[in-house]
Amino acid sequence: MTTLTDATAATATPLQPTDRTSLRRSKERAASDRAALTEVLTDGMFCHLGVVVDGYPLVLPTAYGVDLDAGPDGTLYLHGSVAARSVVAAPEQTICVTITHTDGLVLARSAFHHSVNYRSAVIFGVPRLVTDPDEKLHGLNRIVDHLVPGRSTAVRPPNRKELAKTSVLALSLTEASVKTRAGAANDEEQDLDLPYWTGVIPLRVVAGEPVTNDDCDLLVPAHVRTRANLLGAPS
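What counts, and at which threshold
Residues numbered from 1 in each chain as written. Predicted model: local features only at pLDDT ≥ 70, side-chain atom pairs only at ≥ 80, totals over all residues. Heavy atoms only, no water. Helix = DSSP H or I, 4+ residues; strand = E, 2+ residues; numbered from the N terminus. Buried < 20%, exposed > 50% of the residue type's maximum accessible area, 1.4 Å probe, protein only. Contact = heavy atoms within 4.5 Å. Areas by Shrake-Rupley, 256 points an atom, 1.4 Å probe, with all protein chains shown as cover. Lys, Arg positive; Asp, Glu negative; His and termini not counted. Charge placed at Lys NZ, Arg CZ, Asp CG, Glu CD. pLDDT = per-residue confidence, 0-100. Core = buried A, V, L, I, M, F, W, Y, C linked by side-chain atoms within 4.5 Å. Pairing = 2+ DSSP bridges. Salt bridge = Lys/Arg side-chain N within 4 Å of Asp/Glu carboxyl O. Expected span 1.5 Å × (residues − 1). Arc of directions from axis to C-beta. Polar contact = N/O pair within 3.5 Å; in protein donor to acceptor, adjacent residues only side chain to side chain.

Visitor: Explain the overall build of the protein chain here, please?
Guide: When helices and strands are counted, the protein chain shows six helices and 10 strands. Its C-alpha atoms give the protein chain principal-axis dimensions of roughly 65 × 50 × 35 Å. Burial statistics for the protein chain: of 235 residues in total, 37% are counted as buried. Taking the intrachain contacts of the protein chain between residues at least 6 apart in sequence as the baseline, contacts between residues at least 24 apart amount to 74%. Counting only carbon and sulfur atoms, one obtains 57% of the accessible surface of the protein chain, whose full area is about 13700 Å². With 22 positive and 27 negative side-chain charges, the protein chain shows a spacing of 4 Å between the two charge centroids.

Here you go:
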C-alpha cells in the first residue's frame, strides 16, 4: 500500500476546477497541481467537516486519513460515532472538507495589508458510508497512521463491538481546490517610507517530548519517537 508521499496516478492528475472550486478572488494563489493537494493533506493532521444537519450548517474538527490508490483521484476517510448527526446526515448530501495550515503572520506597514501565509485545501463531494468490513478497518487504520505512521500495527486492533460503534465515511478527492500564500507583505508604494516595522512571524507545529503514561513501563517505541522528531521534538 502506498503512502501520501509516494508518487501515484492520483498525484499526477491535475486539479480540474469546478464552479465550486474555482477561485473568484486572488486567482494567482490557486494551485493546479494535484501534488499540492497531496502536500496539504500530508502535512495536516485535522480537517473541518462541513455538513448541513436539521437545516443548519455544522462544521466539526476531525482527524482524517487518505489513500491515494482508492479511486481514480484518491479517497479521504473520516470517522465518527454511528449516532453522530454529522455522520448520519453526510452520505445524503454534498459536504465540504477543509484543511488549513497557518505558516506565518504577515505584518505590513498598513493595517489593510496585514495577511497570513497559509496553505489550504477545500474538498467537495457526496461521501459514501463504508460498509465493507475490510475497507472500514482499512479506513480506520489510515486515520490512525496519518497521525502517527506505523501506529495501527503497534496497537490492539478494534474489536467487533468497537467497529459496530464507529462509522467510516469515504470521500473522493476528485473535486478539490488548493490555495496558498507565501512571502512578505505587499505594501503600497507610497507607504514604503513609513516608519513602521514590516515582516513575517513564521509559525509551525512543534511536538514536545513524548510523555509515557503512569500505568505503562515500556520505552517510547521507535515509530512514536520518529513522529515526534519529525515534528521538532527535542532529541
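Visitor: Which parts of the structure should I look at to understand the confidence of the model for the protein chain?
Guide: The predicted coordinates should not be examined in detail at positions where pLDDT is low. The predicted model of the protein chain averages 90 in pLDDT, with 90% of residues at 70 or higher. No element of the protein chain has a lower mean pLDDT than helix α1 (residues 9-12), at 54, and none a higher one than strand β10 (residues 199-202), at 98.

Visitor: So what exactly am I meant to see when it comes to the nonpolar core here?
Guide: When a protein is soluble and globular, its nonpolar side chains tend to lie buried together. Within the largest apolar cluster, 28 residues are counted, with the highest numbers of intra-cluster contacts made by Leu41, Leu76, Val97 and Ile123. Not counting chain neighbours up to four residues away, the residues in contact with Leu76 comprise Leu41, Tyr64, Gly65, Val66, Val97, Ile123, Leu169, Ala170, Leu171 and Leu173. Core analysis: the second largest hydrophobic core is formed by eight residues, Val130, Ile143, Val168 and Ala170 among them.

Visitor: Please clarify how the pairing of strand β3 (residues 56-67) should be interpreted in this entry.
Guide: Regular strands have side chains that alternate between both faces of the sheet. In this structure, strand β2 (residues 46-53) lies alongside β3, joined through eight bridges in antiparallel fashion. Of the residues in β3, the one forming a bridge with Gly50 is Val59. From the end of β2 to the start of β3, which pair antiparallel, there are two residues, and Asp54 there has a positive phi angle of about 55 degrees. Pairing of β3 with strand β4 (residues 75-81) involves four bridges; the strand directions are antiparallel. Opposite Val66, over in β4, you have Leu76 as the bridge partner.

Visitor: Any chance you could explain the side chain of Ser110 here in plain terms?
Guide: Within the secondary structure, Ser110 sits in the loop between β5 (95-107) and β6 (115-125). For Ser110, a relative accessible area of 15% translates into the label buried.

Visitor: I tried to follow the environment of Ala35 on my own but got confused; where do I start?
Guide: By secondary structure assignment, the location of Ala35 is in helix α2 (residues 34-43). Separated by 20 residues in the primary sequence, Ala35 and Leu15 have C-alpha atoms spaced 9.0 Å apart.

Visitor: Before we go on, may I ask you to explain the pairing of β4 in this structure?
Guide: Counting buried residues along β4, five of its seven residues qualify, which places the element largely inside the surrounding structure. As judged from the seven bridges shared by β4 and strand β8 (residues 166-172), these two strands associate in the antiparallel manner. Residue pairing for β8: Thr75 is matched across the bridge by Ser172.

Visitor: Quick question: what am I supposed to make of the pattern of salt bridges here?
Guide: Here the idea is simple: oppositely charged side chains can pair when their charged atoms come close. For the structure shown, the criterion picks out eight salt bridges. Asp43 is the salt-bridge partner of Arg119, the closest N and O atoms lying 2.7 Å from each other. With a gap of 76 residues between them, Arg119 in strand β6 and Asp43 in helix α2 connect regions that are remote in the sequence. Note that Arg85 and Asp54 form a salt bridge whose closest N and O atoms lie 4.0 Å from each other. A residue pair is termed long-range when its members are at least 10 positions apart, and Arg85 in helix α3 (residues 85-89) and Asp54 in the loop between β2 and β3 qualify at 31 residues. Each of Glu39, Asp43, Asp103 and Arg119 takes part in salt bridges that share partners, so that together they form one network.

Visitor: So what exactly am I meant to see when it comes to helix α4 (residues 133-147) here?
Guide: With 15 residues, α4 should cover 21 Å at 1.5 Å per step; its first-to-last C-alpha distance of 22 Å lies within 8% of that length. Residues Glu135, Lys136, Gly139, Leu140, Arg142, Ile143 and His146 constitute the buried set of α4. Down the axis of α4, the buried side of the element spans an arc of 150 degrees, and every buried residue falls inside it. Along α4, exposed side chains directed more than 90 degrees from the buried face belong to Pro133 and Asp134. Near the N-terminus of α4, the side chain that reaches the backbone nitrogen of Asp134, with its oxygen 3.1 Å away, is that of Asp132.

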